[in-house]
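Read off the chains here:
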Amino acid sequence: MAKVLVSQVDAVWLAERLHDWPDGSGPMYQRLAQAIERLVQAGEVQGGARLPAERLLSTELKVSRTTVAGAYELLADRRLVTRRHGSGTYVESVRTETPPPRESVLMRSLERNEIFDGLLDPPRELLDMRSAVIHDSPGLPQRALDAVGADVARAASLQGYVPAGLPALRAAIAARYTALGLPTEPGEVLVTSGAQQALALIAMLHVRPDDEVVTEALTHTGAIDLFVASGARLRTVPVGQQGADVDAIERVLTERPRLLYLIPSIHNPLGSVMPARERRRLASLLDEHPDLVVIADDTLADTYRDRRPPPPLGSYPGAHRVLHTGSLSKLIWGGLRVGWVRGPVPEIRRLARLKALTDLGSSIPSQLLAIRLMEEGEDFADDRRAMIAQRGRTLERALAHRLPSWTFDTPEGGLCLWIRLPGGSARELTMRAARHGVALAAGSIQSPQGHFSDHLRIPYSHSELVLTRAVDRLADAWEQHADPSPICELEDLRVVV
Ligand SMILES: Cc1ncc(COP(=O)(O)O)c(C=O)c1O
């Protein structure tokens, strides 16, 4: 029988969302119940979700267990939750008379993404260790930069609207997939403004409110936000050092979700790779679900350290409909804003129409530079990979030296370490780290359910000097965190500016 996945509301996450719950009048348990009810009504906690155990929530809220028990009882009396003996407290599905305006629901979910905060409003005084994109790189090859001026001059005599992307760039991306073992024609490629737009177009085409979207239990924050913004209900499957759990995918597919989003080739944030054997198994499973939209996000695939990941998922028997998304952002430069979707021609045509609707096509100078940079070939790519791997090793060494109780697996690639703290809340640590001049994202923002509250993602995309300085500051922050004086002014410290 299919295992029904129940979403568990994380105590740390809930405590944060309830930050102003004591405001107002009446007994504490009543105020707490009202605050939980507001979250349920706003759709932030969905029907069927299991609330945290009384003990865990009382620890996070720093109140007695009786207060939480009282609040849960009151909610149960009002039929907003069901108490199941020995199993927990479950939220009932609620119908709100007038749904809250779209922009308020949307913004509430988007504001969770601290990584985007840093991009929209870069902090001046903090070392920003939130986004995993290369900083302080030695720059792009002069030869490509010199050549592109003439390319732009030539292109400027053309009309300039090419929604599906420049034919030469589509051909270069197609050749890349062919070389990786997935034969591809230029017509099977759509150029997008980064992989993020590729994901957005696919979501726009396929995901309706209330559709089920399955992601890995840890995944790209921008994908979580996108699917939530589309109104989808998110389900997750476990992910680890061998990529997504194919058995769990098999179970969840029996419930006919609309879309499956995976990062099999250098996972964000784990840096793991799904082995060829698992890809083969997954591909044959996908063959049995012709209506399922499947995205394999290859955005980080080129950032491998020692071994190139196995051939793309779409090259295995049964997986020919898989949509591959990818980008030059991670290995070359995010500022190019050049990404793509690779998929069957009819799907690419539909997505190209949507792309035209969205922006009438990506910037031509950027695409011309992308072509020149792709022509630089493997030597250039190898140098970039070596630089990233070197930075990764620097961060690993600095952490082992200054923060030996923090644990992590050495990733197969990517731009960050996924770190487990020996205890306590990563969110509180990020508050302390901000006081010490380092902006960090708590690991829970990479989990659709807000889990992994004891994890952090630390990018190693900065220069080695910055990485070492950041770890020194984090070690100071950790010293205080490990010997905590209460942090009461958490609100003041949302320094994610
Ligand atoms: C897995 C994954 N997909 C997509 C993106 C978006 O990348 P781009 O800069 O190409 O839009 C990112 C960026 O962090 C990512 O990690």
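Quick note: structure is the one above.
All values derive from a computational prediction rather than experimental measurement. (Residues numbered from 1 in each chain as written. Predicted model: local features only at pLDDT ≥ 70, side-chain atom pairs only at ≥ 80, totals over all residues. Heavy atoms only, no water.)

Novice: Before we move on, could you go through the overall build of the protein and cite the residues and values that matter?
Specialist: Helices and strands together make up the secondary structure of the protein, namely 17 helices and 15 strands. What you see for the protein is a C-alpha radius of gyration of 23 Å, in line with the 23 Å of a compact globule of 497 residues. Counting only C-alpha atoms, the protein reaches 75 × 50 × 45 Å along its principal axes. By the burial criterion, 54% of the 497 residues in the protein qualify as buried. In the protein, the share of contacts with a sequence separation of at least 24, taken over all contacts with a separation of at least 6, comes to 75%. With the model as given, the accessible surface of the protein reaches about 22,400 Å², and the carbon-plus-sulfur share is 53%. Seen as two clouds, the 58 positive and the 62 negative side-chain charges of the protein have centres 2 Å apart. (Helix = DSSP H or I, 4+ residues; strand = E, 2+ residues; numbered from the N terminus. Rg over C-alpha atoms; globule rule 2.2 N^0.38 Å. Buried < 20%, exposed > 50% of the residue type's maximum accessible area, 1.4 Å probe, protein only. Contact = heavy atoms within 4.5 Å. Areas by Shrake-Rupley, 256 points an atom, 1.4 Å probe, with all protein chains shown as cover. Lys, Arg positive; Asp, Glu negative; His and termini not counted. Charge placed at Lys NZ, Arg CZ, Asp CG, Glu CD.)

Novice: Can you explain empty space enclosed by the protein? Please cite residues and give values.
Specialist: If you walk through the whole model with that rule in mind, you get 4 cavities of 30 Å³ or more. Taken as a whole, the second largest cavity encloses approximately 100 Å³ of empty space. Along the walls of the second largest cavity sit Arg176, Tyr177, Leu180, Ser265, Arg279, Asp298, Ala301, Asp302, Arg308, Pro309, Pro310 and Pro312, which together make up its complete lining. (1 Å grid on protein atoms, 1.4 Å probe; cavity = no way out; pocket = protein on both sides within 12 Å on 5 of 7 lines; lining within 4 Å. Points joined across faces, edges and corners; volume = space filled by probe spheres on them.)

Novice: Go over the sheet that holds strand 12 (residues 339-342) with me, naming the residues and quoting the values.
Specialist: Taken in spatial order, the 7 strands line up as 4-12-11-10-9-5-6 in an open sheet, and their pairing is mixed. Single-partner strands in this sheet number two, and they are strand 4 (189-192) and strand 6 (233-237). Geometrically, the sheet is characterised by an average inter-axis angle of 20° between neighbouring strands, direction not taken into account. Bridge count between strand 9 (residues 259-262) and strand 10 (residues 293-297): 4 bridges; the pairing is parallel. By the bridge assignment for strand 10, Leu262 is matched with Ala296. Helix-sheet contacts for helix 9 (residues 194-206) involve strand 4, strand 9, strand 10, strand 11 (323-327) and strand 12, and the interaxial angle to strand 11 is about 150°. (Pairing = 2+ DSSP bridges. Axes fitted to C-alpha atoms, helices over the stretch in contact; angles between N-to-C directions.)

Novice: So what's going on with the packing of aromatic side chains? Which residues, and what values?
Specialist: As enumerated under the stated definition, the model contains 4 aromatic pairs in all. When the ring of Trp406 is compared with that of Trp478, the centres are 5.5 Å apart and the planes differ by 90°; the resulting orientation is edge-to-face. Here Trp478 lies in helix 17 (residues 464-482) and Trp406 lies in the loop between helix 15 (377-402) and strand 13 (416-420), a separation of 72 residues in the sequence. Residue Trp406 is classed as buried on the basis of its relative accessible area of 3%. Note on Trp478: relative accessible area 13%, which makes it buried. An angle of 65° between the planes, with centres 6.0 Å apart, marks the rings of Trp418 and Phe452 as edge-to-face. With Trp418 in strand 13 and Phe452 in the loop between strand 14 (438-442) and strand 15 (455-459), this pair connects stretches of sequence that are 34 residues apart. One residue, Arg84, lies across the ring of Tyr90, its end atom 3.8 Å from the ring centre. (Phe/Tyr/Trp six-rings, centres within 6.5 Å; stacked < 30°, edge-to-face > 60°. Lys NZ or Arg CZ within 6 Å of the ring centre and 35° of its normal.)

Novice: Describe the sheet that holds strand 13, with residues and values.
Specialist: Taking strand neighbours across the sheet as the criterion, the 4 strands line up as 3-14-15-13 in an open arrangement whose pairing is mixed. Both outer strands of the open sheet, strand 3 (127-129) and strand 13, are each paired with one neighbouring strand and no more. Here the average twist between neighbouring strands, direction ignored, is 30°. Here strand 14 runs beside strand 15; their pairing, made up of 2 bridges, is antiparallel. Following the sheet pairing, Ala441 is matched in strand 15 by Arg457. Contacts from helix 15 reach strand 13 and strand 15 within the one sheet, and its direction differs from that of strand 13 by about 25°.

Novice: I'd love a proper account of the environment of Met28, names of residues and values included.
Specialist: Mapping Met28 onto the fold places it in helix 2 (residues 28-41). Spatially, the C-alpha atom of Met28 lies 9.1 Å from that of Val63, the residues being 35 residues apart in sequence. Once you skip the residues sitting within four places of it in the chain, Met28 turns out to touch Trp21 and Thr67.

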